[in-house]
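Fold and geometry: a report
Listed here are the chains, written in short residue letters.
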Amino acid sequence: MPILPILCYPDSRLFKVAKPVAVVDDRVRALVQDMFATMYDANGVGLAATQVDVHERIIVADVSEERDQPFVLINPELLWASEEKQLGDEGCLSVPGIYDGVERSVAVKVKALDEHGQERVIEAEGFKAICIQHEMDHLLGKVFVEYLSPLKKNRIKTKLLKQQKRELAGA
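A brief structural summary. (Residues numbered from 1 in each chain as written. Predicted model: local features only at pLDDT ≥ 70, side-chain atom pairs only at ≥ 80, totals over all residues. Heavy atoms only, no water.)

Observations concerning the sheet that holds strand β1 (residues 46-48)
Note the cut-off: Only when DSSP finds a minimum of two bridges between them are two strands counted as paired. Only DSSP runs of H or I reaching four residues or more are called helices, and only runs of E reaching two or more are called strands; each is numbered from the N terminus. The convention used is that axes are lines fitted to C-alpha atoms, helices contributing only their stretch in contact, and that angles between N-to-C directions extend from 0 to 180 degrees. Every residue pair with non-hydrogen atoms within 4.5 Å of one another is taken to be in contact.
Read across the sheet, five strands follow the order β1-β2-β3-β6-β7 without closing on themselves; strand pairing throughout is antiparallel. Each edge of the sheet is formed by a strand with only one pairing partner; in this case those strands are β1 and β7 (119-125). Each strand axis lies, on average, 40 degrees off the axis of its neighbour in the sheet, ignoring direction. Pairing between strand β3 (residues 71-81) and strand β6 (residues 107-113): five bridges, direction antiparallel. From the neighbouring strand, Leu-78 faces β6, where its bridge partner is Val-110. On top of the sheet, helix α2 (residues 127-139) reaches β1, β2 (58-61), β3, β6 and β7; it is set at about 120 degrees to β7, its chief contact.

So this is what it looks like as structure tokens:
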């Protein structure tokens, strides 16, 4: 299972809207395994296919403390989101080292396929609900910094571009 390169903000490919998966086959299952390997290697709790430059509606996640409760959402559809919202610090593997407050619904209900092509409905609350909403945003071409003020967004963009230039110069 290769570790896939993760796109970093403000890479324009992060803003592409993902297409639905037509059929859950061996190619999709292999991608799911590679995405889990990549997510765990990067110490993340969720990863959308968009973040690894695959523009299909696939999410992998594991928000458990023990890192032993992985789940897959293929072609996820939001069925319901609570009106109650919570402001919490979010981070993202595509926005390394940056954390900021984003308001999200505290509970969601999502319909999706699993890695075997079986439809399932997931009801989630708390951190799991926030993770699902965050990753579903990626499938719509939205990165969490888009929720921040223009000033904060520009500061983050400038900081990450400088960091990427330094890394390229050192390579």
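Overview of the side chain of Thr-38
With respect to the helices, strands and loops of the structure, Thr-38 is situated in helix α1 (residues 26-41). Excluding residues within four positions of it along the chain, Thr-38 makes contact with Pro-2, Ile-3, Leu-4, Ile-6, Leu-47 and Val-52.

Quick look at unusual backbone geometry
Here the residue pair Tyr-9 and Pro-10 is connected by a cis peptide bond, since its omega of 10 degrees sits within 30 degrees of zero. With respect to the helices and strands, Pro-10 occurs in the segment before α1. In the Ramachandran plot, Asn-75 falls in the positive-phi region, its phi being about 55 degrees despite a non-glycine side chain. Turning to its location among the elements, Asn-75 is positioned in strand β3.

Points about the environment of Glu-65
Checked against the element boundaries, Glu-65 lands in the loop between β2 and β3. Expressed as a C-alpha distance, the spacing of Glu-65 and Leu-161, which sit 96 residues apart in the sequence, is 32 Å.

What about the pattern of salt bridges?
What counts is decided by this rule: Here, a salt bridge means any Lys or Arg side-chain nitrogen found within 4 Å of an Asp or Glu carboxyl oxygen. Only protein chains enter the accessibility calculation, which uses a 1.4 Å probe. A residue is then buried if its area is under 20% of the maximum for its type, exposed if over 50%, and partly exposed in between.
As enumerated under the stated definition, the model contains nine salt bridges in all. Ionic pairing is found between Arg-13 and Asp-53, a salt bridge with its closest N-O pair at 3.1 Å. Pair noted here: Arg-13 is in the segment before α1 and Asp-53 is in the loop between β1 and β2, with a separation of 40 residues, a long-range link. The salt bridge involving Asp-137 is made with Arg-104; its shortest N-O contact spans 2.8 Å. A residue pair is termed long-range when its members are at least 10 positions apart, and Asp-137 in helix α2 and Arg-104 in strand β5 (residues 95-105) qualify at 33 residues. Per residue, the accessibility class of Asp-137 equals that of Arg-104, and both read buried. Through salt bridges with shared partners, a single ionic network connects Asp-11, Arg-13 and Asp-53.

Looking at a nonpolar patch on the surface
Note the following rule: To count toward a patch, a residue needs a relative accessible area above 30% and no salt bridge. Like charges then connect within 9 Å, nonpolar side chains (Val, Leu, Ile, Met, Phe, Trp, Tyr) within 5 Å. With residues, only the protein chains shown are counted as cover, and all accessible areas are computed by Shrake-Rupley using a 1.4 Å probe.
A cluster of nonpolar side chains, contributed by Leu-79, Trp-80 and Val-121, occupies part of the molecular surface with about 290 Å² of accessible area. The topology assignment puts Trp-80 in strand β3. Assessed through its relative accessible area of 45%, Trp-80 is described here as partly exposed.

Focus on the packing of aromatic side chains
Rules: For Phe, Tyr and Trp, rings pair up if their centres lie within 6.5 Å, where Trp contributes its six-membered ring, and each pair is then called stacked (planes under 30 degrees apart), edge-to-face (over 60) or tilted (otherwise). Sitting over a ring, as applied to charges here, requires NZ of Lys or CZ of Arg to be within 6 Å of the ring centre and within 35 degrees of the ring normal.
Applying the stated criterion to the full structure yields two aromatic pairs. Between Tyr-9 and Phe-15, the aromatic rings sit 6.1 Å apart at their centres with planes inclined by 70 degrees, giving edge-to-face as the arrangement. For Tyr-9, a relative accessible area of 3% translates into the label buried. For Phe-15, a relative accessible area of 32% corresponds to the partly exposed category. On the numbers, 6.0 Å between centres and 20 degrees between planes, the contact of Phe-36 with Tyr-40 is stacked. Here Phe-36 and its partner Tyr-40 are both found in helix α1, four residues apart, which amounts to about one turn of the helix. For Phe-36, a relative accessible area of 9% puts it in the buried group. In this structure, Lys-128 packs its charged tip against the face of Phe-71, placed 4.6 Å from the ring centre. A cation over a ring is seen here: Lys-142 above Tyr-147, with NZ or CZ 4.0 Å from the ring centre.

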